[in-house]
Amino acid sequence: MTALPVPVQGSTVAVVPPQGSPGRPVGWWGMLVLIATEAVLFLGLLSSYFFLRAQAREWPLGGIKPPELTRISIFTVVLLASSVPLFWGEHAIARGRMRQLRVALLLSFVLGLAFIVNQGVEYRDLTFGWRDNAYASAFYVITGLHGLHVVVGLLMNLVVQLKAWKNRLSAERHLTVKLFSLYWHFVDVVWIFVFSSLYLSAHLR
Amino acid sequence: MTTIAQPSADAAQPVLPGEVEEAMERRWRDAPGIPGFFASVDHKKIGVRYMVTAFVFFFLAGVQALFLRAQLAQPDAHVVGPQAYNELFTMHGVTMIFLFNTPVLAGFGNYLLPLMLGTRDMAFPRLNAFSYWIFLFSGLFMYSSYLFGSPPDGGWFAYVPLTEKAYSPGLNLDFWALGVAFIGISTTVGAINFIVTAFKMRAPGMTLNRMPMFVWSILAMAFMVIFSVPIVTLASMLLEFDRLFGTKFFLAAAGGSALLYQHLFWFWGHPEVYILFVPATGMISMIIPTFSRRPLAGYVWVATSLVAISFISFGVWVHHMFATGMPALAMSFFSAASLLIAIPSGVQFFAWISTMWHGRVRWTTPMLFALGFLLIFLLGGITGVMVAVLPFDWQVTDSYFIVAHFHYVLNGAVVFPIFGALYYWVPKITGRLLSERLGKWSFWMMFVGFNVTFFPMHVLGLLGMPRRVWTYSAGLGWDGLNLLISIGSGVFALGTLLTVANLVWARRRGAPAGADPWDADSLEWSVSSPPPHWNFTTIPSVAGRHPLWEGAALDEHREALAGEDDAVESMGGAGALTRTTPITGGLDTRPERLLVVPRETYLPFVAALGVAAVFVGMLVDAALVGGVGVLLGAIGIVWWGWRTEEDLV
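Residue numbers run consecutively from 1 along every chain, following the written order of its sequence. The order in which chains are written sets their letters, starting at A; the order in which ligands are written sets their numbers, starting at 1. Given that this is a predicted model, residues contribute local features only at a pLDDT of at least 70 and side-chain atom pairs are listed and counted only at 80 or more, while totals for whole chains, interfaces and linings are drawn from all residues.

**Quick word on the overall build of chain A**
Argument step 1. Each helix is a run of H or I in the DSSP string that is no shorter than four residues. Each strand is a run of E no shorter than two, and both are numbered from the N terminus. Within chain A one finds six helices and zero strands.
Argument step 2. Along the chain direction, N to C, the helices and strands of chain A fall in the order α-α-α-α-α-α.

**Notes on the environment of V452 of chain B**
Residues and elements named next belong to chain B.
Argument step 1. When you line up the elements, V452 lands in helix α16 (residues 436–462).
Argument step 2. For V452, a count of 18 C-beta atoms within 10 Å puts it in the partly exposed group.
Argument step 3. For the purpose of contact definition, each residue receives a C-beta atom placed from its backbone, and two residues are in contact when these atoms lie within 7 Å. In this structure, V452 is in contact with L484, I487, G488 and V491, ignoring residues within four places of it in sequence. Three classes are used. A residue is buried when 20 or more other C-beta atoms lie within 10 Å of its own, exposed when 12 or fewer do, and partly exposed in between, with C-beta atoms placed from the backbone.

**Considering the environment of G477 of chain B**
All names here are of chain B.
Argument step 1. Take G477: it is sitting in the loop between α16 and α17 (479–509).
Argument step 2. Judged by the 12 C-beta atoms lying within 10 Å of it, G477 is exposed.
Argument step 3. Along the sequence, G477 and L463 sit 14 residues apart, while their C-alpha atoms lie 8.0 Å from each other.

**Here's the deal with the nonpolar core**
Residue and element names in this part refer to chain B.
Argument step 1. I195, V215, L219, A222 and A413 are the most contacted members of the largest nonpolar core, which has 250 residues in total.
Argument step 2. Here the element with the most residues in this core is helix α8 (residues 213–245); it accounts for 23 residues.
Argument step 3. Here L219 is in contact with F194, I195 and A198, once residues within four sequence places are set aside. Here, a nonpolar core denotes buried Ala, Val, Leu, Ile, Met, Phe, Trp, Tyr and Cys residues that are linked to one another through C-beta atoms within 7 Å.

**Notes on unusual backbone geometry**
Argument step 1. P60 of chain A follows W59 of chain A through a cis peptide bond whose omega is -5°.
Argument step 2. Structurally, P60 of chain A is set in the loop between α1 (26–54) and α2 (70–81).
Argument step 3. The amide bond that connects V160 of chain B to the next residue, P161 of chain B, takes the cis arrangement and shows omega of 0°.
Argument step 4. In this structure, P161 of chain B sits in the loop between α6 (125–143) and α7 (172–200).
Argument step 5. We note that N167 of chain A has phi near 55°; this positive angle belongs to a residue other than glycine.

**Examining the environment of A501 of chain B**
Argument step 1. For A501 of chain B, the position within the fold is in helix α17.
Argument step 2. The spacing of A501 of chain B and S442 of chain B is 59 residues in sequence and 9.7 Å in space, taken between C-alpha atoms.

**Considerations on the packing of α1 of chain A against helix α6 (residues 175–200) of chain A**
All names here are of chain A.
Argument step 1. For the pair α1 and α6, the least separation of the axes is 10 Å and the interaxial angle reads 15°. Taken together, the axes of α1 and α6 lie roughly parallel to each other. Here the hand of the crossing between α1 and α6 comes out right-handed. Here G27, W28, M31, I35, E38, F42, L46 and Y49 of α1 lie close against α6, whose contacting residues are L175, K178, L179, L182, Y183, F186, V190, F193 and S197.
Argument step 2. As a working rule, the residues Ala, Val, Leu, Ile, Met, Phe, Trp, Tyr, Cys and Pro are called nonpolar, Asp, Glu, Lys and Arg charged, and the rest polar, with Gly in that last group. In the contact of α1 with α6, the residues fall into 13 nonpolar, two polar and two charged. Axis geometry follows a simple rule: fit a line to the C-alpha atoms, using only the stretch in contact for helices, then measure angles between N-to-C directions, giving values from 0 to 180 degrees. An angle counts as roughly parallel when it lies under 35 degrees, as roughly antiparallel when it exceeds 145, as roughly perpendicular when it falls between 65 and 115, and as oblique in every other case. Crossings are sorted by hand: turned counterclockwise from the far helix by less than a right angle, the near helix makes the crossing left-handed, and turned clockwise it makes it right-handed.

Purely geometric stuff here, so don't read any function into it on its own.
See the structure below:
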């Protein structure tokens, strides 16, 4: 980089040479702020859950049993594992390896799908409906909102896969891959909090 | 610092040969007619649309207020019935908060941010269009309730259990609950855009501590939106679930909690007050220095105060709930936090006074509105400190004292800066100056009308008149003051109409404004009025806080850097010719990469239409409509994402 005049105060113009590294694209920052606001939504819901719990005499309410842990623990691992291929895929596309990206996306999709199918099965087996009482409402709405995020993530995955198959991505241009994996990691991390609050802590006396 | 006045604005942008300018024009202008209208992503058009739409809602809210005052002018009056009265005061509040104040400030932000920052558009131009359409549709959604004869009637805060299905069976509150969640999308998306724009789109050299104070205020506002709006979306959607699906979140009999609703609502509700107030102070921090002919005193202190207010605003919500019976320790904490807000507010206040004190004040209309703001905000601030004190709050809560207090801060301290900002920035938007004479008449009528309307409400409150009553009996000692208030509200309304008349008059007959009619310091005044579609033929390089007062030639370095780097190249005319603009970063704000400003597109409109259909589907409980909405929204968004790599680098 050539030497340029130093920025000075007052009447002289500050000349600003370009930065060495290109920094992150605006889309990445936008997604980050979107995730922040989504995190607040979950924070509000989980706080509401604990608020209701704090003023209840029994918890869960109405003789409902605390949620069963074994199966959901397995599928928690499944969901968290679905993030791993995305790290790999991002790494791959940055080097232009399209095939690797496709495999990674598919792998992540299958794991995410397994999680959401399990959630459907769990809903079917539950002995209470969301109209029963405030606990039931909170349980369904919190897991439901998270499930909705998983579904949206799976749809995003499909779009990115389609782009990968159509070769619309390259080592230089793959913003959607970055945005999608950022979002997916968030959905996974939020689950840790949902799982701890709704499942684990319900067993604490 | 001495007073500075070096109008260098006209020299700031180079004069272009005709064919070059024409080429730029072709590259940037929207398609003519209706297609161009629905497809435009130009931040200036969107900003103006925001403002015009918001002012239509302001007019509606004003008419509602006048009906309220007509009803209350005399005891035992029957201008409207109790149900109509409930609907009127609910929709007045909803309109002023959600459909006027928030979006009109977003409109100013949209129009001004890229110009003040020295860039060619917002970070996400299409998202910007999307957020406008969502705002428009959600406003129409809420007002369509009048067509069904069931406008919201549970107060703008819609407290449970009154608003639960069992007690409010009509569609009224469904319009409210869904409408609030609906417009929340617009506010949130707008805030994301503001944050990324302020951080990544500043002209090279415009470090954070050189950013115009209005941008600081929009940034602080946007952060408050990001962290508070999800919670009101939550409150309103959980209420809607209770109403629509029969969940039990707020029903005590089934383990729910009415108090939870209040916590959720006010966790957003109090930051919201500052979401409105902070950008208004940002406007004042631009107007006062310009007409005092000197830089803002205590720039760093004012910016820090804005940040401090945004933080503290999240720790005061319980002061809306002092009468609900909470542990004394909790209430003391929130009372102390509420008192604490007075400190950063006071810092700003003294910064403004000292700017005027050490400057040479020109009494133009924007400056009059700023001064009116100072006086009104002083009173609103003082009563704010009063109601933050527990025993006093218990005495006046739910009385007209509260109505007086929040109109001083939300009407006086927000609407006055907005009107000042109109007189200040509309010449930039239209290229025509407004009439000073009419402006001053408008100000004085608004100022007198405002105080005659709202000051006696303090007294009425202390005399025991409760809020939200549709009438009162004669002989309680409230008659004379109520009549006076009603007269005052008419004067205030006429004052605002004078400004509307002024705007209409100036559109045709106003004197040409020129690039910089006020000898102001910030970059929006360096381009012509109205600015070209691409804002800046050359992106300025900023060396100080007051680029136009420091006499710098804003494009001097261009040749030295041309061809070195994509981002640097886009600073020059090449950027205006190729629809690109630099993204900057780092503490010293250097060009990092290139933003390709997207072309006009229908995608935001289609996606917003889809979202609207989802909400309509939920309202009428029609899965088909909702399904179509989901589909339409998904198509819009997927198509949008499909093209991401082509448009963005």
